[in-house]
Amino acid sequence: MIPRFKPAITTAELTAAMRPQPDAVPRFEQAFAAQFGASHGIAFNYGRGGLFALCKALGLSGAEVIIPAYTCSVVAHAVVVSGNRCRFVDSETGGYNMDLQQLEAAIGADTRMVLATHLFGIPADIDRIQSIVDRAAATWGHKIWIVQDCAHSFGAEWNGRAVTAAADVALFGLGISKVMTSIFGGMLTTNNAELAASIRQYRDTHFTQSSGGKRRGQQAYLVASTIAFSPPCYGFVRWLQDETPLLDGLTKAYHLDGLIRLPPDALDLMSDVEAQVGLAQLARYRGFAARRREHARFYRANLRPPADWVIPPEVPGTSYSHFPIRVANRDETLKHFLAAGVQLGQLIEYSMPHLPEYGPAAESEFPNSLSNSRHTINLPVHPDLSDAARARVVAQVNVLPRTVGATDARVA
């Protein structure tokens, strides 16, 4: 079975997890910030915890935060739990990121933050975002913070500049399925020393140290994840995930349970175990990034998909956390590939304003986001994907019966 994603865990990470050092967190913060072109890094137990702390540190209360309609629910949850409200903007036509023309129209007197997500590693136009926000700030007479959501876009660039360059803050996720992992974890980066100090002060005042039991649980989780994704075990794990409620329920806890909340341990500090693993992963990050881009180039050069498949736009600077494709009949397509031993991904299978807890919006509203949520799959691009497995994925696409998914997929 070729898995849809696989954490790149080696003995380096396992050894690091078992030998945590007391200064691991500040060392990881410094090294991470340096890798991604920032002066300051502030670590958290989750990326959503970092966004929550940012809103609190900025003193935002009852403010409007603009976020994409097509994004991970935990982003919106963090905004709302922090005492603020979301204003959603539809996806651009033919792509996955926020429609910037609609962004400009959405900013109003109550807007205090714009959260720009570079979904699947595809960079948005950071120069235009900056220009839009600057004009709006001048119009309304107050600061509007720009947060680049880089949970998918480690190393993504726009016109040769890192997407983090046009930001007050960049937000990264470090969960087990991300570009690199610290087991769980998240990170905020910034070049604003005063802002970094404010965020750090809020975090250190309101967040608590992880217990010894939790740290041991993190070590066990890393080992279990490594075993679960090994070839002898993954077929069974995939079955538990997709065919039983056991792992599916764990995966969706505090994510798609219909409740707006953060996990119970969201206000725990990052542990030294997580930071040690993060440092080990950071040492290999450049190789991860290169391998993902290599997979994407191979797919673009060799895929011969059905005419109704929509390949992602080829945007220079894309870092390819995923290789998304829109298809007409997602369920049928996923089943077809699974039968051939290839697990395709479906990452964000909902449109935020259409979720009951955030609306729900009418079917006619946010049409691009809604269609993306119903038709998007992604091909494996994880660093451990072998050349042979990648070729097998392509072969399965290229012999795909033309009848699979042939009805109404298009949003491009």
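What you are looking at is a predicted structure, and each value in this text was computed from that prediction instead of being measured. (Residues numbered from 1 in each chain as written. Predicted model: local features only at pLDDT ≥ 70, side-chain atom pairs only at ≥ 80, totals over all residues. Heavy atoms only, no water.)

When its secondary structure is counted, the protein chain shows 15 helices and 11 strands. The C-alpha atoms of the protein chain give 20 Å as radius of gyration, which agrees with the globular expectation for 412 residues (22 Å, within 12%). Expressed along its principal axes, the backbone C-alpha trace of the protein chain runs to roughly 55 × 50 × 40 Å. Across the 412 residues of the protein chain, 56% fall into the buried class. Restricting to contacts in the protein chain with at least 6 residues of sequence separation, those with at least 24 account for 75%. Of the side-chain charges in the protein chain, 38 are positive and 37 negative, and the distance between the mean point of each set is 5 Å. (Helix = DSSP H or I, 4+ residues; strand = E, 2+ residues; numbered from the N terminus. Rg over C-alpha atoms; globule rule 2.2 N^0.38 Å. Buried < 20%, exposed > 50% of the residue type's maximum accessible area, 1.4 Å probe, protein only. Contact = heavy atoms within 4.5 Å. Lys, Arg positive; Asp, Glu negative; His and termini not counted. Charge placed at Lys NZ, Arg CZ, Asp CG, Glu CD.)

Among the surface-exposed residues, M18, V223 and I227 lie close enough to one another that they form a single nonpolar patch of about 240 Å² accessible area. Within the secondary structure, V223 is located in helix α8 (residues 212–228). Overall, V223 belongs to the partly exposed group, its relative accessible area being 32%. (Patch = residues over 30% accessible without salt bridge, like charges linked within 9 Å, V, L, I, M, F, W, Y side chains within 5 Å. Areas by Shrake-Rupley, 256 points an atom, 1.4 Å probe, with all protein chains shown as cover. Salt bridge = Lys/Arg side-chain N within 4 Å of Asp/Glu carboxyl O.)

To continue, consider helix α2 (residues 24–35). Spanning 12 residues, α2 covers 16 Å between terminal C-alpha atoms, matching the ideal 16 Å at 1.5 Å per step. Among all positions of α2, only A24, V25, F28, E29, F32 and A33 are buried. What you see down the axis of α2 is that its buried residues fit within an arc of 155 degrees, all on one side. What points out from α2, more than 90 degrees from its buried face, is the exposed set Q30 and A34. (Expected span 1.5 Å × (residues − 1). Arc of directions from axis to C-beta.)

The next subject is the side chain of R390. Inspection of the secondary structure puts R390 in helix α15 (residues 387–398). A distance of 3.2 Å separates polar atoms of two side chains, one belonging to R390 and the other to H295. Leaving out residues up to four positions away in the same chain, R390 has contacts with R291, E294, H295, F298, Y299 and L385. (Polar contact = N/O pair within 3.5 Å; in protein donor to acceptor, adjacent residues only side chain to side chain.)

What follows concerns the sheet that holds strand β1 (residues 40–44). The 7 strands are arranged β1-β9-β8-β5-β4-β2-β3 in an open sheet whose pairing can be described as mixed. Looking at the sheet topology across the chains shown, the edges are occupied by β1 and β3 (85–89). With direction set aside, neighbouring strand axes in the sheet form an average angle of 25 degrees. Sheet topology places strand β4 (residues 111–117) next to strand β5 (residues 145–149); 5 bridges connect them, and they run parallel. Paired with V114 across the two strands is I146, which belongs to β5. Running over the sheet, helix α7 (residues 193–206) touches β1, β5, β8 (169–173) and β9 (186–190) and is turned about 20 degrees from β1. (Pairing = 2+ DSSP bridges. Axes fitted to C-alpha atoms, helices over the stretch in contact; angles between N-to-C directions.)

Moving on, we come to empty space enclosed by the protein. Rolling a probe over the atoms, with the probe sized like a water molecule, indicates the empty space that remains. A complete count under the given rule lists 1 cavity of 30 Å³ or more for this structure. The computed volume of the largest cavity comes to approximately 70 Å³. Forming the walls of the largest cavity are F36, G37, A38, T164, A167, D168, V169, A170, T189, T190 and N191. Counting residues per element, the ones that place at least two in the lining of the largest cavity are β8 and β9. (1 Å grid on protein atoms, 1.4 Å probe; cavity = no way out; pocket = protein on both sides within 12 Å on 5 of 7 lines; lining within 4 Å. Points joined across faces, edges and corners; volume = space filled by probe spheres on them.)

This part covers the packing of α2 against helix α11 (residues 272–282). Taken N-terminus to C-terminus, the directions of α2 and α11 make an angle of 35 degrees; their axes are 8 Å apart at the nearest point. At the point where α2 passes α11, the crossing takes the left-handed sense. Across the interface between the two elements, A24, V25, R27, F28, A31, F32 and Q35 from α2 touch D272, A275, Q276, G278, L279 and L282 from α11. (Left-handed = near helix turned anticlockwise from the far one by under 90°.)

The subject of this paragraph is the packing of aromatic side chains. Taken as a whole and judged by the stated rule, the model has 19 aromatic pairs. Their ring planes at 55 degrees and their centres at 5.1 Å tell us that F5 and F229 sit as a pair that is tilted. Here the residue F5 occupies a position in the segment before α1 (11–18), and F229 occupies one in the loop between α8 and α9 (231–243), the gap between them amounting to 224 residues. Each member of the pair, F5 as well as F229, is classed as buried. Between F32 and F154, the aromatic rings sit 6.1 Å apart at their centres with planes inclined by 85 degrees, giving edge-to-face as the arrangement. In this pair, F32 is assigned in helix α2 and F154 in the loop between β5 and β6 (157–158), connecting sequence segments 122 residues apart. By the burial criterion, F32 is buried, and F154 matches it. An aromatic cluster is present here, built from F28, F32, F36, F154, F172 and Y285 joined pairwise through their rings. Its guanidinium or amino end placed over the ring of W145, K143 lies 4.8 Å from that ring's centre, counting from NZ or CZ. (Phe/Tyr/Trp six-rings, centres within 6.5 Å; stacked < 30°, edge-to-face > 60°. Lys NZ or Arg CZ within 6 Å of the ring centre and 35° of its normal.)

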